[in-house]
Amino acid sequence: MLGRGRSSGAPEYLSRASVMLLAAMAPRLSHVSDIWLDPEPLPKSGRALMRGKFDQLFRIEALDTGARYISLTAGRVEPRVAQGRISGVHCGGSSISSPVVIDASGSNCWLRRAMQLEESIDSPALWLERGLAAASTNAPDQHWQIGQQGWLWIKPTTSQTIWTSLSTQREATVAWPDGVRPVGRSWRDCRRWRCLQQAAGPGYFVCGDAAVQLDPATGDGFRFAIESGARAASLAAQLRRHPERSSLLEALYSDWVLQFYMSRKAALAECYANAALLWTG
Ligand SMILES: Cc1cc2nc3c(=O)[nH]c(=O)nc-3n(C[C@H](O)[C@H](O)[C@H](O)COP(=O)(O)OP(=O)(O)OC[C@H]3O[C@@H](n4cnc5c(N)ncnc54)[C@H](O)[C@@H]3O)c2cc1C
């Protein structure tokens, strides 16, 4: 694992499916109190966490299973290409050889930029923001409001209230319900719906946001990152045992990623059309 050890630190709400997947993959983390905003997993419900502490402890879980982590403080990472296949990376003046490289660089999209991989882009720029909120006792329990200019989602947890908003215009702000207001730092991002046409190819797999980006209304970004990473790792292990099957394994992964993207994109597009949420691009 090569990483820079950075994390957004933002609050995030894990769907029930994400919580279950994580509990199977890293059971200890379910019980670490200072990650979670809901101290106990709630039956049939999701769970909110703070990404800063979580990302750090999730990396330690990987190290405990035997992964070697190289911390990249500065300098560029470049793919090493031999005979049309990615065969490792160059970084910090040295070269690491590997039969498979998995890109999990999130919205930085390292491999797409380095190899100019083709992608489809299916939305204009969407302006996203999230943070914590203060709510008075008469504030609504949970809030979801969608209109022509975007949406606002507010979710009280046991300890804090978290919120996320989407706006189709950079400077537009969403209307807040009575009794709730944002507090402290907020995290902003600009995203488009996008998907790599081939999320796997000769010597590489791309997972998480580096392969697919939609918007937080899917409620599935975290789960897709974990699940696609696990699939990519398992297929990479198969590929090492059966290099003659590489094209098939890469095609299976690319197809799975594309199917995920198409189904979530169709559901979001329908929800936004019903709400008359307008693209301004
Ligand atoms: C406003 C907003 C709200 C969201 N809310 C939710 C939510 O409530 N629930 C949910 O499930 N999802 C949510 N998501 C989506 C979710 O955050 C992402 O889908 C998920 O974090 C993707 O994980 P990832 O591992 O692919 O990328 P990231 O979590 O972005 O991790 C990428 C990592 O790669 C590192 N990196 C990048 N470039 C390099 C490089 N060149 N070399 C080494 N390391 C590198 C970064 O430092 C980072 O640590 C939200 C997204 C946004 C923008």
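This is a predicted model, so every value here is computed, not measured.

Cut-offs and rules
- Residues numbered from 1 in each chain as written.
- Predicted model: local features only at pLDDT ≥ 70, side-chain atom pairs only at ≥ 80, totals over all residues.
- Domains from an automatic or database assignment.
- Contact = placed C-beta atoms within 7 Å.
- Helix = DSSP H or I, 4+ residues; strand = E, 2+ residues; numbered from the N terminus.
- Nonpolar A, V, L, I, M, F, W, Y, C, P; charged D, E, K, R; others polar.
- Near = placed C-beta within 6 Å.
- Expected span 1.5 Å × (residues − 1).
- Buried ≥ 20, exposed ≤ 12 C-beta atoms within 10 Å, placed from the backbone.

Asker: What is the right way to read the domain arrangement of the protein chain from this model?
Answerer: One widely used convention gives an interface's size as the accessible area the parts lose upon coming together. Segmenting the protein chain into domains produces domain 1 (2-64), domain 2 (75-122 + 193-274) and domain 3 (126-191). Distance between the C-alpha centres of domain 1 and domain 2: 22 Å. At the interface, nine residues of domain 1 touch nine residues of domain 2. Where the side of domain 1 that touches domain 2 is concerned, the elements lending two or more residues are β2 (11-14) and α1 (16-25). Top element by residues in the side of domain 1 that touches domain 2 is α1. It accounts for five residues. Grouping the constituent residues of the side of domain 1 that touches domain 2 by class yields six nonpolar, two polar and one charged.

Asker: What's the story with the site of the ligand in this structure? I'm lost.
Answerer: Near the ligand you find 31 residues, and of these G106, G208, G221, F222 and A225 are the closest. When contributions to the shell around the ligand are tallied by element, the ones reaching two or more residues are β1 (2-3), β2, β10 (126-135), β14 (180-191) and α4 (221-241). Across the shell around the ligand, the residue classes tally to 12 nonpolar, 11 polar and eight charged.

Asker: I tried to follow helix α5 (residues 246-274) on my own but got confused; where do I start?
Answerer: For an α-helix, 3.6 residues make a turn, and residues three or four places apart therefore share a direction. When the terminal C-alpha atoms of α5 are compared, their 42 Å separation across 29 residues agrees well with the 42 Å that a helix rising 1.5 Å per residue should span. Next to the buried residues of α5 lie β15 (194-196), β16 (200-201), β17 (204-206), β18 (212-213) and α4.

Asker: Any chance you could explain the environment of G147 here in plain terms?
Answerer: On the secondary structure map, G147 appears in strand β11 (residues 143-147). The exposure class of G147 is partly exposed, given the 13 C-beta atoms found within 10 Å. Once you skip the residues sitting within four places of it in the chain, G147 turns out to touch A275 and L277.

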